[in-house]
Amino acid sequence: MKTWGNLWTPFITEDNFGIAHTLAGKGKSKQKLVQEFEKDSDGNLAELRQENIDGTYHTSKYQSMTIYEPKKRIIYVLPFKDRIEHHAIVNVLKPYYERYFIADSYACLDGRGQQAAVQRCMQALRRNTFCMEGDIHHFYPSIWHDKLFNQYKAKIRDNRFLEVLEDNIYSFPGERNIPIGNLTSIWHGNFHLTQLDLFCKHELGIHDYLRYCDNFWLFGNDKAYLHECRKRIEEFIWEQMGLEYSKANVFNVKQGVDCLGYRLFDNYILVRKSTAKRMKNNIAKLPEQFEAGELTVEQLRSKLASASGWLQHANAHNLAISMRIDEIREKYIPLNTAA
């Protein structure tokens, strides 16, 4: 197995922390925590870097908040300096992640993402009769610190950088949970489930396999074998990672495949009913929010563009009309822009 070495040296450079500072602050200049740090950004950045050199840096205490879209989740928030630390870690690991992750892993990586995963799923659907769709129960809160860190220890040959990762992984109290809200958590999760990717590709021999975060799909023409794969994956994720299914179903692709907010069929794509309902509710609130001063013109423009972009990948003409996206754009944005 190829290992990763000499990570500490590029991690601790002034350039890396400078880039991390820029990335962490992008689009967040109005946040109070960011503004406080920026009062002496050079001094604070130098102090953060020195703490890493001295081995005295430790992740700050988490604050939590609850969000309800698209589902109820607890998000954890850290001070700005810790977010810089996370970017500094990812900056160094990203080239290694990119070489390690399989081609059909679609989260995090440049040039992939949700829409690429949907298109790959459509390709697989069209040449297979059956699908196994699965995801992990409470994925990020369920990740065991020890299992994740041991996976990194088997891969990384750099003790000083491992100490940085150890603080990051064990920063949340208890034995489990890599907190949603940390940049590093997204990458840790992808790294952790690469074990599953390799198992499905090499051990199970599934050609048409793809994963986005903790959602994954296996396609084939042998329904009985996909049921066997379902059982073997269940055993694998428990034995290797201490994780369990949230769902795992085997079905004929003719009934449609749910994939990242869409429902896919052989020759067309629909927006899932739950996604469509949520989008309609959110778009309907925008005029009132804008008139109340809760949204700027750019924020309104961005939200409408995001919804339009989502719909353009599906057969959703009637849904777009019912959401009144163009009507809202014409009513509010030109008038305000002209002013």
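As the structure is a prediction and not an experimental result, all values here were calculated from the model.

Reading the values: the criteria
Residues numbered from 1 in each chain as written. Predicted model: local features only at pLDDT ≥ 70, side-chain atom pairs only at ≥ 80, totals over all residues. Heavy atoms only, no water. Axes fitted to C-alpha atoms, helices over the stretch in contact; angles between N-to-C directions. Helix = DSSP H or I, 4+ residues; strand = E, 2+ residues; numbered from the N terminus. Parallel < 35°, antiparallel > 145°, perpendicular 65-115°, else oblique. Left-handed = near helix turned anticlockwise from the far one by under 90°. Contact = heavy atoms within 4.5 Å. Nonpolar A, V, L, I, M, F, W, Y, C, P; charged D, E, K, R; others polar. Pairing = 2+ DSSP bridges. Phe/Tyr/Trp six-rings, centres within 6.5 Å; stacked < 30°, edge-to-face > 60°. Buried < 20%, exposed > 50% of the residue type's maximum accessible area, 1.4 Å probe, protein only. Expected span 1.5 Å × (residues − 1).

(A) Looking closely at the packing of helix 5 (residues 80-100) against helix 10 (residues 183-203). Direction vectors running N to C along helix 5 and helix 10 enclose 20°, while the axes themselves pass 10 Å from each other. Judged on the interaxial angle alone, helix 10 and helix 5 are roughly parallel. At the point where helix 5 passes helix 10, the crossing takes the left-handed sense. Counting all contacts with helix 5, which are made through His86, His87, Ile89, Val90, Lys94, Tyr97 and Tyr100, the residues of helix 10 involved are Leu183, Thr184, Trp187, His188, Phe191, Thr194 and Leu198. Partitioning the contact of helix 5 with helix 10 into residue classes produces eight nonpolar, five polar and one charged.

(B) Seen up close, the sheet that holds strand 8 (residues 245-252). Spatially, 6-7-4-8 is the arrangement adopted by the four strands of the open sheet, whose pairing is antiparallel. If you trace the sheet from one side to the other, it starts and ends with strand 6 (209-212) and strand 8, each paired once. Strand-to-strand twist in this sheet, taken as the mean axis angle between neighbours without regard to direction, amounts to 10°. Across six bridges, strand 4 (residues 130-136) lies against strand 7 (residues 215-220) in antiparallel orientation.

(C) Layout of the packing of aromatic side chains. With the rule as written, the count across this model stands at 25 aromatic pairs. For the ring pair tyrosine 97 and phenylalanine 101, a centre distance of 5.3 Å and an interplane angle of 20° mean the geometry is stacked. In this structure tyrosine 97 comes out as buried when scored by relative accessible area, which is 1%. Of the aromatic side chains, those joined through ring pairs into one cluster are Trp4, Tyr96, Tyr97, Tyr100, Phe101, Tyr152, Trp187 and Phe191.

(D) Region of interest: the packing of helix 4 (residues 41-54) against helix 5. Orientation of helix 4 relative to helix 5, taken along the N-to-C sense of each, is 60°, at an axis distance of 11 Å. With respect to helix 5, the axis of helix 4 lies oblique. Note on packing geometry: the crossing formed by helix 4 with helix 5 is right-handed. Together, Leu45, Leu48, Glu51 and Asn52 of helix 4 and Lys81, Ile84 and Glu85 of helix 5 make up the contact between the two elements. For the contact of helix 4 with helix 5, the per-class residue count stands at three nonpolar, one polar and three charged.

(E) Just the environment of lysine 72, in detail. Topologically, lysine 72 is positioned in the loop between strand 2 (63-67) and strand 3 (73-77). Residue lysine 72 is classed as exposed on the basis of its relative accessible area of 62%. For the pair lysine 72 and tyrosine 212, spaced 140 residues apart in sequence, the C-alpha to C-alpha distance is 20 Å. Not counting the four nearest positions on each side in its chain, lysine 72 is found in contact with Thr66 and Ile67.

(F) Spatial organisation of the environment of serine 322. Structurally, serine 322 can be placed in helix 14 (residues 317-323). Taking the C-alpha atoms as reference points, serine 322 and lysine 280, 42 residues apart in sequence, are found 8.1 Å from one another.

(G) Examining helix 13 (residues 297-311) more closely. Helix length check: helix 13, at 15 residues, gives a terminal C-alpha distance of 21 Å against a target of 21 Å (1.5 Å per residue), a fit within 8%. Turning to helix 13, its buried residues number three or more, namely Val297, Leu300, Leu304, Ala307, Trp310 and Leu311.

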